[in-house]
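One letter stands for each residue in the lines below.
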Amino acid sequence: MKKIKYDDLGSVLNPLKNLQFFARKPVTEPLGPRPAAEIYRGFHLNDMEKCIGCSTCQKICDNAAITMVKIPHLKEDPVNGIRNLRPAIDYGRCCWCALCVDICPVGAIELSREYVHTCNGDEVDSYFVLPQEKGMHGTFEEKGWTKTETNDLLDRKRLPMGEMTPDERGDNFDEIVNGFTPEQAILEASRCVQCGMCHDSCPTHMHAPEYIRAIWKGNVEEAVEWMYESNPFSHVCGRVCTHRCESACSLNQAGLPQGSEPIAIRWLKRYAMDAVPHERIKEIAARKKTDQKTGQKIAVIGAGPAGLTAAFDLVKQGHEVQVYEALAKAGGMTRYGIPYYRLPDDMLDRDVDVIVSMGVSIQYNIRIGKDISMEQLHKDYDAVILAIGLQSGRSTRIPGSEHEDVHSAVELLRRIGSVRDDMNTAEDLDFKVPHSAVVIGGGNVAMDIGRSLARYQKQQYNQVNMTITAIDALENFPADDVEIKESLEEGITIIPSRGPQEVVLENGKIKALKTWRVESVFDADGRFAPQYDESDEQLYDVEMVVEAIGQMAEMELLGEQLTEQLEWQRGRLKVAEDGATSVDWLWSAGDCVNGPDVVHAVADGHRVAESINKAFSVQR
Amino acid sequence: MRPENYQVVSLPNSDEYELFIGPNHPGIEGNYAFKLKLDGDRVISGKADAGYLHRGFEKLMEGRLWIQNLAIVPRICVPDPVPMEVVYSLTVEDIEKTEVPLRAQWIRVMQLELSRIASHLFTFGGHAATTGMYTPSYWGVADRDLALDLFEELTGGRVYHIYNIPGGVRRDIPNGFLDRLSDYLDYLQTRQNDYDNLLFTNQVFVKRARDIGVLNQEQALEWGVTGPNLRATGLAFDVRRDDPYLIYEQLDFDIPVQSAGDCLSRILVRRDELFQSVRILRQIIKHLPSVKGPVRSPIPNPLAWNVAKGESYCRVESSKGELAYYTVSDGGDKPYRVHVRGASSMHAVQVLENMSVGQRIEDVAQIMFSLDACPPEVDR
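Residues numbered from 1 in each chain as written. Chains lettered and ligands numbered in written order. Predicted model: local features only at pLDDT ≥ 70, side-chain atom pairs only at ≥ 80, totals over all residues.

Draft legend 1. Main features of the overall build of chain B. The helix and strand tally for chain B stands at 13 helices and eight strands. Taken over the C-alpha trace, chain B has a radius of gyration of 22 Å; the compact-globule value for 380 residues is 21 Å, and the two agree within 12%. Its C-alpha atoms give chain B principal-axis dimensions of roughly 80 × 55 × 40 Å. Here chain B holds 380 residues, and the buried ones make up 53% of them. Across chain B, contacts joining residues at least 24 apart in sequence account for 70% of those joining residues at least 6 apart. (Helix = DSSP H or I, 4+ residues; strand = E, 2+ residues; numbered from the N terminus. Rg over C-alpha atoms; globule rule 2.2 N^0.38 Å. Buried ≥ 20, exposed ≤ 12 C-beta atoms within 10 Å, placed from the backbone. Contact = placed C-beta atoms within 7 Å.)

Set out below in structure tokens:
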């Protein structure tokens, strides 16, 4: 670069150089509005439909400029993770850093290219704005800073969960999923944005944001303490919960080009429960137990999740609780319905042990209605909770379904569950493992029995000959996607859209199952009325048929007099929202009221315990 | 009526008087004040008075998430905010051992140099205005605005860019940006003669700035002065060359030096530096398209980001001198401590106070602008 001669006085004509500026274009900007740059960070836009009200923008805002405002006319749908809260911006605080845009889990909030807003003194509140799709002044002036894959700040990918390969797991009942290591759990927990959608959607409103945060901080005991606030079946739910929380997770919301996976909330719960020693869990669970005795006595019929949760709550409040269980062990459907490879018994035993350690007494092998009558219970106790679950399977009632080799899935699972231990072998069973079998039904129970029998087949005959068929199309199967995927991996054939017509018998033995192709399942009014294409007939040559099309409660235990006394609704016991029946000393909870689901049963247990406690405190 | 115990205070006969300039005064850079003791036109002593803009940046940062601080740091130097963002990110990356993609490093250097140009243009105008020449300040601001247009296009913000993030930069450069940058550099070079004629060789200015506010090399080193103010005393020290960061090692540029250490030398160093930055940007325009890859390495969810336990001291060369951050993490989701070594904090207090002594009152403002003092760097 040339050195300048600042010492040089220069010519006297130098000032004349300035004349050249008359010929130059002025450097000043032209008057009039100037369009902002394409990624300008101007006033906010918010897509009201896309926004789920998760308030993550509020959390990242470094100036506390965002307030979540309730918009009453918008949809509030906690099950699907949608709240009717929307961000309102205080432009007296906003610094237009656009971190709210970069972190928004759904990409709803964006910045526009609009940058001018003025007002006079009495309109100062016009700086507090609820952003809409149309922009600050209702005149959309194009999008500015938006979310792209580069500036997205969230970690969208779930940590892969280690599990056994189909070959490794095909012939045994070992637990498939490995669970997180501490490092993996902390990483997975760090993805959480603490929106609380999981808490809202959970039937028992588990404090998932709090325990995820605790896991992230490395404090598993705090996590367990949060879990026992709302769920004494956390070992079970950490393994087999239907995880509504994950469906509602903000990070599960579709519509982003890069895709997004929810936090593995269920596996995190499992991790924290497994990480804390059992004795310590007992101490943590007992922290909120009162020392006072109320003197009230409650009987619970059925030691499943609903009954034991209610017992857990009531014991905590100082009541005396006696649980009666018809079978040899506690757990109900979680023990006698869910196979070992999904939920090992010792995990269930731990949950039950914590509840028993709180002071709940359980008597096994006592069948109410047979060993003790309901009248007797009424006489001996202040309240009775009916939590008997759904113990008998529904039948298709097709010709041949009365045959002895046509089983109900729940009954067969119960027989498997009664003999199983770590080393499940077919020799222990009280029935012969069929060389070939077909399961009718597309739900999780169908998958459970199909996969269990397939394991025994592999053990005994070294080959799987198992078919699962259902009336629904594959995409409408009620079973979890992962169950279907793993069933297929284990060599099970799944044949959707087939309606069973007849169990073909020959010489007193099952020869085959006859099915027709389903044309439609529901009629124009949405009622269940399957239409079949009779020309498309298939026969599956099998030795055993298993029906897994639904379950029913066994209400015979109530006895004639009580049955008469109670109110019924379409053949089902009439139960109020809080679990109370029409008789003032009887409550009902769990699957027999709400249908099969562990976490719903737990929620129901809490509800009933609260209702009973309230009734007692009124009496006192 | 006077109270009974009233006594007349007799002061010694003196021509001295006090003058308070600032905190809102055209002769003061930013929100800063100066208490002068004068005898006629001559300064007897001066006392710098900071604190008019104190927001407690360093303390604020301890209460905010690591990522939220990105929105605070550029405010510590308004005319030259990019080095603040970059050096904060550098310290976090250093503690976390984050690898910054090469492309992001090139983009960062591009911003740093463009920011230097914008800052120097501002200073030319300010310095000239303190001598009564207002045209350079209009020109400087107008030409700086063109650089801000480029920043707006690149980052979405004109003044506070908030574009650098630990791990890289927030977005890739827009299409055609380098062409427009190149046009701007062409334009700046055509303006070189105009600025020389108007300011740097203009005897009205030269005679006014020469031998005023002299700082010798020994004093400069003793007081910890860095940047153009140090280089105006003849020492070619520049962090970009002497302790290279990002990709400065791959770039070819000179360190302009002057020897007199007066107001004129300082502005001439800045003039030369501006065109060295143009030279650097030309190299970046040539190389950047061939540097492929991502512009950001992923960081964890910022709401649950525990930066590893550790500490880091990183420095860069800002338009004011050596700018450094000392960041300490106790392994939490917020910094334990962030200390900002603002380049101006060295020359805006003691140097300014000492250099004003014996000068005439009309030169005090010139000295402050010639040092390019940035009060928020003192008041952070």
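Draft legend 2. Representation of the overall build of chain A in the model. Tallying secondary structure elements over chain A gives 21 helices and 22 strands in all. Here the C-alpha atoms of chain A give a radius of gyration of 32 Å, more than 25% beyond the 25 Å that 2.2 N^0.38 yields for 620 residues. Look at the contacts in chain A between residues 6 or more apart in sequence, and 73% of them connect residues 24 or more apart.

Draft legend 3. Structural view of the interface of chain B and chain A. Counting residues at the interface gives 32 residues for chain B, matched by 38 residues for chain A. Of all the elements in the fold, those that place two or more residues in the side of chain B that touches chain A are helix H4 (135–155), helix H5 (177–200), helix H6 (203–209) and helix H10 (263–287) of chain B. At four residues, H4(B) tops the list of elements feeding residues into the side of chain B that touches chain A.

Draft legend 4. Geometry of the nonpolar core. Counting residues in hydrophobic clusters, the biggest one holds 274 residues, and the most contacted among them are A:Cys100, A:Ile215, A:Ala311 and A:Ile385. Top element by residues in this core is helix H3 (residues 102–130) of chain B. It accounts for 14 residues. In this view, A:Ile385 contacts A:Ile298, A:Val300, A:Ile301, A:Gly307, A:Ala310, A:Trp587, A:Ala589 and A:Val608; residues no more than four positions away in its chain are not counted. (Core = buried A, V, L, I, M, F, W, Y, C linked by C-beta atoms within 7 Å.)

Draft legend 5. Structural detail: the packing of H4(B) against H5(B). Residues and elements named next belong to chain B. Look at H4 against H5: their axes get within 11 Å of each other, and the N-to-C directions meet at 170 degrees. Comparing their axes, H5 and H4 come out roughly antiparallel. Every residue of H5 that contacts H4 at Thr 135, Pro 136, Asp 143, Leu 146, Ala 147, Leu 150, Glu 153 and Leu 154 is listed here: Phe 177, Arg 180, Leu 181, Tyr 184, Leu 188, Arg 191, Leu 198 and Leu 199. Counted by class, the contact of H4 with H5 contains 11 nonpolar, one polar and four charged residues. (Axes fitted to C-alpha atoms, helices over the stretch in contact; angles between N-to-C directions. Parallel < 35°, antiparallel > 145°, perpendicular 65-115°, else oblique. Nonpolar A, V, L, I, M, F, W, Y, C, P; charged D, E, K, R; others polar.)

Draft legend 6. Main features of the pairing of strand E16 (residues 509–522) of chain A. Residue and element names in this part refer to chain A. Bridge analysis of strand E15 (residues 498–506) against E16 gives eight bridges, and the strand direction is antiparallel. Within the sheet, the bridge partner assigned to Pro 500 lies in E16 and is Thr 515. Hairpin connection between E15 and E16: a loop of two residues separates the two successive antiparallel strands, and Asn 507 in this loop has a positive phi of roughly 55 degrees. Where E16 and strand E17 (residues 528–541) come together, nine bridges link them in antiparallel fashion. Bridge pairing in E17 links Phe 522 to Phe 528. (Pairing = 2+ DSSP bridges.)

Draft legend 7. Just the packing of H3(B) against H4(B), in detail. All names here are of chain B. One can describe the packing of H3 onto H4 by two numbers: an axis separation of 8 Å at closest approach and a directional angle of 165 degrees. As judged from the angle between their axes, H3 and H4 are roughly antiparallel. As H3 runs across H4, the sense of the crossing is left-handed. Taking contact as the criterion, the partners of Leu 114, Ile 117, Ala 118, Leu 121, Phe 122, Phe 124, Gly 125, Gly 126, Ala 128 and Ala 129 in H3 are, on H4, Pro 136, Ser 137, Trp 139, Gly 140, Val 141, Asp 143, Arg 144, Ala 147, Leu 148, Leu 150 and Phe 151. A class-by-class count of the residues in the contact of H3 with H4 yields 15 nonpolar, four polar and two charged. (Left-handed = near helix turned anticlockwise from the far one by under 90°.)

Draft legend 8. Structural detail: the sheet that holds strand E8 (residues 361–363) of chain A. Residue and element names in this part refer to chain A. With respect to topology, five strands assemble into an open sheet ordered E8-E7-E6-E9-E22, the strand pairing being parallel. With partners counted over all chains shown, the strands left at the sheet margins are E8 and strand E22 (586–588), one partner each. Sheet twist, expressed as the mean angle between neighbouring strand axes with direction ignored, is 20 degrees. The pairing of strand E7 (residues 320–324) with E8 spans three bridges and is parallel. Across the sheet, the residue bridging to Gln 322 is Ser 361, located in E8. In the packing of helix H12 (residues 305–316) onto the sheet, contacts are made with strand E6 (297–301), E7 and strand E9 (383–386), and the angle to E7 comes to roughly 165 degrees.

Draft legend 9. Representation of the sheet that holds strand E14 (residues 493–495) of chain A in the model. Residues and elements named next belong to chain A. An order of E11-E18-E12-E13-E14 is seen for the five strands of this open sheet, with the pairing classed as parallel. Each edge of the open sheet is held by one strand with a lone partner, namely strand E11 (406–408) and E14. Within the sheet, the average angular offset between the axes of one strand and its neighbour, ignoring direction, is 20 degrees. Here strand E12 (residues 437–440) pairs with strand E18 (residues 544–547) via four bridges, running parallel. Directly across from Val 439, in E18, lies its bridge partner Val 546. Sitting on the sheet, helix H16 (residues 409–419) is in contact with E11, E12 and E18, with an inclination near 80 degrees to E11.

Draft legend 10. How the structure looks around helix H12 (residues 361–371) of chain B. Residues and elements named next belong to chain B. With nine of its 11 residues buried, H12 lies for the most part within the structure. Inspection of H12 places Asp 363, Val 364, Ala 365, Gln 366, Ile 367, Met 368, Phe 369, Ser 370 and Leu 371 among the buried residues, and these make up the whole buried set. The first or second residue beyond H12 is Asp 372, which carries a positive phi of 55 degrees.

Draft legend 11. Looking closely at the domain arrangement of chain A. Each assigned domain of chain A is listed with its residue range as follows: domain 1 (44–129), domain 2 (167–288), domain 3 (292–390 + 553–620) and domain 4 (392–551). For domain 1 of chain A versus domain 4 of chain A, the distance between C-alpha centres works out to 51 Å. (Domains from an automatic or database assignment.)

Draft legend 12. Representation of the environment of A:Asn80 in the model. Mapped onto the fold, A:Asn80 is located in the loop between strand E2 (66–70) and strand E3 (85–90). Sequence separation between A:Asn80 and A:Asp200 is 120 residues, and the spatial gap between their C-alpha atoms is 9.6 Å.

Draft legend 13. Broad picture of helix H2 (residues 82–96) of chain B. Residues and elements named next belong to chain B. The terminal C-alpha atoms of H2, which comprises 15 residues, lie 21 Å apart, in line with the 21 Å expected from a rise of 1.5 Å per residue. Counting buried positions along H2 yields 14 of 15 residues, so the element is predominantly enclosed. Note on H2: the residue one or two positions beyond its end, Lys 97, has a positive phi of about 55 degrees. (Expected span 1.5 Å × (residues − 1).)

Draft legend 14. Inspection of the environment of B:Arg270 at higher detail. Residue and element names in this part refer to chain B. As for its placement among the helices and strands, Arg 270 is situated in helix H10. Arg 270 sits in the buried class, given 27 other C-beta atoms within 10 Å. For the pair Arg 270 and Thr 123, spaced 147 residues apart in sequence, the C-alpha separation works out to 8.8 Å. When sequence neighbours within four positions are dropped, the list of residues in contact with Arg 270 reads His 120, Thr 123 and Pro 228.

Draft legend 15. Seen up close, unusual backbone geometry. Residues and elements named next belong to chain A. Despite not being glycine, Asn 365 has its phi angle at roughly 55 degrees, a positive value. Positionally, Asn 365 belongs in the loop between E8 and helix H15 (374–380). What makes Asn 365 exposed here is the crowd of 11 C-beta atoms within 10 Å.

Draft legend 16. Region of interest: the confidence of the model for chain B. A residue-level look at chain B finds 100% of positions with pLDDT of 70 or above and a mean pLDDT of 92. Complex prediction metrics read pTM 0.89 and ipTM 0.90. (pLDDT = per-residue confidence, 0-100.)

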